[in-house]
Number of protein chains: 2
Amino acid sequence: MKYKLLLVSIFAIFIALSSAQTEPIQAVAPVMDINLAEVELGKMLYFDPRLSLSGFISCNSCHNLSMGGTDNLPTSIGHGWAQGPINAPTVLNSSLNLAQFWDGRALDLQDQAGGPIANPGEMGSTHALAVDVLKTIPGYVYEFKQVYGTADITIEMVTDSIATFEETLVTPNSDFDKWLLGDSNAINDYELAGYNLFKSSGCVACHNGQAVGGNSFQKMGILEPYQTTSSAEGLAGVTGKDLDRFKFKVPTLRNVELTYPYFHDGATYSLTEAVDIMGRLQLGKHFTDEENAQIVAFLKTLTGDQPNFNLPQLPPSVAQTPHPKPFN
Amino acid sequence: MKYKLLLVSIFAIFIALSSAQTEPIQAVAPVMDINLAEVELGKMLYFDPRLSLSGFISCNSCHNLSMGGTDNLPTSIGHGWAQGPINAPTVLNSSLNLAQFWDGRALDLQDQAGGPIANPGEMGSTHALAVDVLKTIPGYVYEFKQVYGTADITIEMVTDSIATFEETLVTPNSDFDKWLLGDSNAINDYELAGYNLFKSSGCVACHNGQAVGGNSFQKMGILEPYQTTSSAEGLAGVTGKDLDRFKFKVPTLRNVELTYPYFHDGATYSLTEAVDIMGRLQLGKHFTDEENAQIVAFLKTLTGDQPNFNLPQLPPSVAQTPHPKPFN
């Protein structure tokens, strides 16, 4: 019995090491070393529309954890029904990105979390107002005191706890990861053919690592220009360099079956079409229908464990809490 | 041992009977006899913004189960940021209402559920479109087949399952209910004084039963006219009778601490002010600050168990699914 266990263990280590060394994609690691009280506070804030001026829009409105961490819209709806300029990227596995937003203008999740709160076309509030609201709510005062040792809430504490919650939103245990970790039956031959095409065609040059993307900026439209009505300029807006025009952070392909519509302008809802466009514009490849279908089949094996927790209950406002202002 | 158990049982029955017979408010009964598969389907639909034209608004947007089953806004935000005409009532314990909506124009929860989907100023879709969307989604087709024995989804199945989910949204185990059921320490003397005032002042004439309201229509502004900019006419809009002008369904006071702002026009966020206005306009009573505070303390004992379930995961759309149209 012990002998058998030893053999199995050695085999598992061998598989893990060999796949880790030879595959350009790595399995999503589960969450380790996290502050649970901070996660719970961040989860409440993530779902709390009182961080918006209207009292109607929360982080979860556009990064909906029931829908792959996105809103499944080409561009988002913001305060006053403002039309956003760019597709909302998924929050799932976003801790694995080299930077946040399509143009990488936020260094990390904490830096990102403050953006939408104070963006007039998104949540439409200000950091000062958002903090003022939280400071009046006894349930939050208690939680912040527990986590940060003080009731003097700051925007840094707010974004820190939201970011910590977001760090838990990784999606391990996809069929592809099971295959990577040694379960050779976790994906079928058709899906495996798709993965081999994904590698041999060059997709993997940009879509690699744990997140299958998210770790570099690349020009959208290398071999052919990308046709779009979107005015987004990408990295150039951050660096000011003409060379960086239309360079965007390569999106993660984890859970891509759930994160439609695709591209920074959300131009297509079809994964088949997205694969076709990427092949032609980025690689100069015209995938046959069969090849395309194989790649799509592979991509669908990247759907992992979705967020799994109780709907949070938010502490009620009190008489002194600043009122939401949806219509003025 | 058996003798002791018998005594305890007799005592429990005595308490239950005596309080049931003498108190005008009854404890919220937990859910019994419910179809769990229907509940799970209804829960997904309740959280699914694809029932709206924009793909952005779900039942949960305005009847938010993280926030007392309401949006905590005076009037709701609908399609295109439309301003709703009336305060969104809580969905919690709504199965106990004699009818739905403030004017009672829907007979039951199933009748109600179809309203917002097709209201141009709410979810902005049509029943036909909502059903067309669901029919293309394999995950839903499977669920409907499981529950209704057919994949030929109808709007009646949609509203039936949403209503069944909503029937689970009762909130038993409030401190007041524990007191009603015999735990004399569940509320303190101050709260009990508030309850006695609530009864002796006449509040209980309209706010009674399991839901502490929800079981009659009453005129808003009996002894003094109610000042409001709202154009809502109440029951008269349904019956056509002049006598029914400004008659509204008496709202439930269950979880009233969470369901601010108050009244059909959401005129006040303050429970203290709401009690004051109700006393003067409906009963001709001017509560002292102390009396008001006691009544408010009693009302806060009506907060029961909030919805407690995992955030639902929604089945993804496919290429054939009609796209949401947020901006046209």
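Residues numbered from 1 in each chain as written. Chains lettered and ligands numbered in written order. Predicted model: local features only at pLDDT ≥ 70, side-chain atom pairs only at ≥ 80, totals over all residues. Heavy atoms only, no water.

A. Region of interest: unusual backbone geometry. Here the amide bond leading from A:Tyr260 into A:Pro261 is cis, since omega sits at -10°, within 30 degrees of zero. You can see A:Pro261 is positioned in the loop between β4 (247–249) and α11 (271–283). If you check the backbone angles, B:Phe263 has positive phi at about 75° while not being a glycine. Topologically, B:Phe263 is positioned in the loop between β4 (247–249) and α11 (271–283). For B:Phe263, a relative accessible area of 11% gives the class buried. (Helix = DSSP H or I, 4+ residues; strand = E, 2+ residues; numbered from the N terminus. Buried < 20%, exposed > 50% of the residue type's maximum accessible area, 1.4 Å probe, protein only.)

B. View of the pattern of salt bridges. Residue and element names in this part refer to chain A. Inspection of every chain in the model, using the stated rule, returns 20 salt bridges over all chains. Salt-bridge contacts for Lys43 lead to Glu40; the nearest nitrogen and oxygen are separated by 3.1 Å. Taken as a pair, Lys43 and Glu40 lie in helix α2 (residues 36–46) at a separation of 3 residues, close to a single helical turn. Classification of Lys43 as buried rests on a relative accessible area of 8%. (Salt bridge = Lys/Arg side-chain N within 4 Å of Asp/Glu carboxyl O.)

C. Layout of the confidence of the model for chain A. For chain A, the mean per-residue pLDDT works out to 94, and 94% of the residues sit at or above 70. As a predicted assembly, this complex carries a pTM of 0.93 together with an ipTM value of 0.92. (pLDDT = per-residue confidence, 0-100.)

D. Local environment of empty space enclosed by the protein. As enumerated under the stated definition, the model contains 2 cavities of 30 Å³ or more in all. One number sums up the size of the largest cavity: a volume of about 400 Å³. What lines the largest cavity is a set of 25 residues, among which A:Ser58, A:Asn60, A:Ser61, B:Asn60 and B:Ser61 lie closest to the centre. Contributions of two or more residues to the lining of the largest cavity are made by α3 (59–62) of chain A together with α3 (59–62) of chain B. Counted by class, the lining of the largest cavity contains 11 nonpolar, 12 polar and 2 charged residues. When its volume is computed, the second largest cavity comes out at roughly 50 Å³. In this structure, the second largest cavity is lined by A:Ser66, A:Met67, A:Gly68, A:Asn72, A:Leu258, A:Tyr260, B:Arg50, B:Leu314, B:Pro315 and B:Pro316. The residue inventory of the lining of the second largest cavity, partitioned by class, reads 6 nonpolar, 3 polar and 1 charged. (1 Å grid on protein atoms, 1.4 Å probe; cavity = no way out; pocket = protein on both sides within 12 Å on 5 of 7 lines; lining within 4 Å. Points joined across faces, edges and corners; volume = space filled by probe spheres on them. Nonpolar A, V, L, I, M, F, W, Y, C, P; charged D, E, K, R; others polar.)

E. Structural view of the interface of chain A and chain B. Opposite the 43 residues of chain A that make contact, chain B presents 43 residues. In total, about 3,800 Å² of surface goes out of reach between chain A and chain B, with carbon and sulfur atoms giving 66% of it. Between the two partners, chain A and chain B, sit 0 salt bridges. Counting every contact that joins chain A to chain B gives 16 residue pairs in polar contact (both at pLDDT 80 or more). At the level of secondary structure, the elements contributing two or more residues to the side of chain A that touches chain B comprise α3, β1 (77–78) and β2 (82–83) of chain A. Of the residues in the side of chain A that touches chain B, the class split is 23 nonpolar, 17 polar and 3 charged. (Contact = heavy atoms within 4.5 Å. Buried area = accessible area lost by both parts, 1.4 Å probe. Polar contact = N/O pair within 3.5 Å; in protein donor to acceptor, adjacent residues only side chain to side chain.)

F. Broad picture of the relation of the copies chain A and chain B. Least-squares fitting of chain A to chain B yields an RMSD of 0.0 Å, with the superposition described by an axial translation of 0.0 Å and a rotation of 180°. Taken together, these values place the two copies in the relation of a two-fold axis. Within chain A, the C-alpha atom positioned nearest to the axis of rotation is that of A:Asn310, 2.0 Å from it. Comparing contact sets, 100% of the residues at the interface of chain A also lie at the interface in chain B, consistent with an isologous, same-surface contact. (Least-squares fit on C-alpha atoms with pLDDT ≥ 70 in both.)

G. Local environment of the environment of A:Met32. Residue and element names in this part refer to chain A. On the secondary structure map, Met32 appears in the loop between α1 (2–22) and α2. On the basis of relative accessible area, Met32 is assigned to the exposed category, the value being 63%. Residues Met32 and Thr168, spaced 136 residues apart in sequence, show a C-alpha to C-alpha distance of 8.9 Å.

H. Focus on the packing of helix α2 (residues 36–46) of chain B against helix α7 (residues 155–167) of chain B. Residues and elements named next belong to chain B. The N-to-C vectors of α2 and α7 enclose an angle of 100°; their axes lie 7 Å apart at closest approach. Classified by the angle their axes make, α2 and α7 are roughly perpendicular. Facing Glu38, Val39, Leu41, Gly42, Lys43, Leu45 and Tyr46 of α2, the residues of α7 in contact are Val158, Asp160, Ser161, Ile162, Thr164, Phe165 and Glu166. Residue composition of the contact of α2 with α7, grouped by class: 7 nonpolar, 3 polar and 4 charged. (Axes fitted to C-alpha atoms, helices over the stretch in contact; angles between N-to-C directions. Parallel < 35°, antiparallel > 145°, perpendicular 65-115°, else oblique.)

I. Representation of the side chain of B:His63 in the model. Along the chain, B:His63 turns up in the loop between α3 and β1 (77–78). For B:His63, the contacting residues outside a window of four places in its chain are B:Tyr46, B:Gly69, B:Thr70, B:Ala88, B:Pro89 and B:Val91.

J. Here's a closer look at the side chain of A:Lys249. Residue and element names in this part refer to chain A. For Lys249, the location among the structural elements is in strand β4. No salt bridge is formed by the buried Lys249, whose closest oppositely charged neighbour, Asp103, lies at an N-O distance of 7.9 Å. For Lys249, the side chain forms a polar contact with the main-chain oxygen of Ala99, separated by 3.0 Å. Polar contacts involving the side chain of Lys249 include one to the main-chain carbonyl oxygen of Phe101, which spans 3.3 Å. Lys249 has contacts with Asn97, Leu98, Ala99, Gln100, Phe101, Trp102, Gly214, Ser216 and Phe217, leaving out every residue within four places of it along the chain. (Lys, Arg positive; Asp, Glu negative; His and termini not counted.)

K. Structural view of the nonpolar core. With 78 residues, the main nonpolar core has A:Leu65 and B:Leu65 as its most contacted residues. If near-sequence neighbours (up to four positions away) are discounted, B:Leu65 is found in contact with A:Leu311, A:Gln313, B:Tyr46, B:Phe47, B:Asn60, B:Val91, B:Leu92, B:Phe165, B:Leu169, B:Pro307 and B:Phe309. (Core = buried A, V, L, I, M, F, W, Y, C linked by side-chain atoms within 4.5 Å.)

L. How the structure looks around the packing of aromatic side chains. Residues and elements named next belong to chain A. Following the criterion strictly, the structure yields 32 aromatic pairs over all chains and no others. Taking 6.4 Å as the distance between ring centres and 55° as the angle between the ring planes, the aromatic pair formed by Tyr140 and Phe144 counts as tilted. Here the residue Tyr140 and the residue Phe144 both occupy positions in helix α6 (residues 138–148), the gap between them amounting to 4 residues, near one helical turn. Taking the centre distance of 4.7 Å and the plane angle of 65° together, the rings of Phe176 and Tyr195 count as edge-to-face. You can see Phe176 sitting in helix α8 (residues 175–180) and its partner Tyr195 sitting in helix α9 (residues 189–200), a full 19 residues away along the chain. Within the aromatic cluster, the residues linked to one another by ring pairs are Phe176, Trp179, Tyr195, Phe198 and Phe298. Seen from the ring of Phe101, Arg105 lies directly overhead, with NZ or CZ sitting 3.7 Å from the centre. (Phe/Tyr/Trp six-rings, centres within 6.5 Å; stacked < 30°, edge-to-face > 60°. Lys NZ or Arg CZ within 6 Å of the ring centre and 35° of its normal.)

M. Highlighting the state of the cysteines. The tally for this structure, following the rule as stated, stands at 0 disulfides over all chains. We note that A:Cys203 lacks a disulfide partner, and the nearest cysteine sulfur, in A:Cys206, lies 9.1 Å from it. (Disulfide = S-S within 2.5 Å.)

N. Representation of helix α7 (residues 155–167) of chain A within the structure. All names here are of chain A. Between its first and last C-alpha atoms α7 spans 18 Å; for 13 residues at 1.5 Å apiece the expected length is 18 Å, and the two agree. Counting buried residues along α7, 10 of its 13 residues qualify, which places the element largely inside the surrounding structure. Taken together, the buried positions of α7 are Ile155, Met157, Val158, Thr159, Ser161, Ile162, Ala163, Thr164, Phe165 and Glu166. Tucked inside the fold, the buried residues of α7 contact α2, α3, α4 (109–118), α5 (127–135) and α6. (Expected span 1.5 Å × (residues − 1).)

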